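Take a look at the letters that make up each chain.
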Amino acid sequence: MLLKDEVGMLQRVPLFSGIEPTKLKLLAFTSDRVSYSAGQILFRQGDEGDAAYVILSGRADILVDSDSGPIKVAELVPNSIVGEIAILCNSSRTATVRAASPLEALRIRKDHFLRLMREFPEMTIEILRVLADRLSHTTADLIDARSAK
């Protein structure tokens, strides 16, 4: 894929939609394009949070460890971002991400991701929206699970 195509894909990611194309070009250039086969692990729960991933094509499952084995809690589709929580919280990964189909992604290193947040407050606001939405869904799921007991 050409650099301009990667920039176009990044522009479709809500997180990056407000960033000027020249900055996205730099982001695409400094990011690593990675490919995974179905079943391959992008990262594991407990790993160091050293990068975020933007899904370019394919799907991935988000899995959390439990006493009865891994539980699928969400599915990622193209234009999704994953891995930002460990970067923002400076903590280990909160879940495992496994490719559910052949998958291509941009791997954005932690230092580049944090620099973008400093330089583009609108990106920081969008990250807050994404995280708040995830928290809202998780809270609703927890309420449903507790109500079922």
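Residues numbered from 1 in each chain as written. Predicted model: local features only at pLDDT ≥ 70, side-chain atom pairs only at ≥ 80, totals over all residues. Heavy atoms only, no water.

In the nomenclature of an unreviewed UniProt entry, the chain is known as Cyclic nucleotide-binding domain-containing protein of Mesorhizobium metallidurans STM 2683. In its Subcellular location (unreviewed entry) section, the UniProt record describing the chain reads: "Membrane". (UniProt positions renumbered as here; feature names shortened; annotations may be inferred.)

Asks: Would you take a moment to explain the pattern of salt bridges for this structure?
Replies: Scanning the entire structure with this criterion turns up 13 salt bridges. Close ionic contact of Glu6 with Arg33 constitutes a salt bridge, the shortest N to O distance being 3.0 Å. Residue Glu6 is located in helix H1 (residues 3-11), and its partner Arg33 is located in strand S1 (residues 32-36); the two are separated by 27 residues in the primary sequence. Ionic pairing is found between Arg33 and Glu104, a salt bridge with its closest N-O pair at 2.5 Å. Placement of the pair is Arg33 in strand S1 and Glu104 in strand S8 (residues 103-109), with a sequence separation of 71 residues. The class for Glu104 is partly exposed, based on a relative accessible area of 26%. Several salt bridges share partner residues, and in doing so they unite Arg59, Asp61, Lys72, Glu75 and Arg98 into one network. (Salt bridge = Lys/Arg side-chain N within 4 Å of Asp/Glu carboxyl O. Helix = DSSP H or I, 4+ residues; strand = E, 2+ residues; numbered from the N terminus. Buried < 20%, exposed > 50% of the residue type's maximum accessible area, 1.4 Å probe, protein only.)

Asks: Sorry if this is basic, but what is going on with unusual backbone geometry here?
Replies: Even without glycine at this site, Asn79 takes up a positive phi of about 80°. By the element assignment, Asn79 lies in the loop between strand S5 (71-76) and strand S6 (81-82). A residue is classified by how much of its surface remains accessible, and Asn79, at 25% relative accessible area, is partly exposed. One non-glycine residue, Asn90, lies in the positive phi region at around 50°. Looking at the secondary structure, you find Asn90 in the loop between helix H3 (84-89) and strand S7 (96-99).

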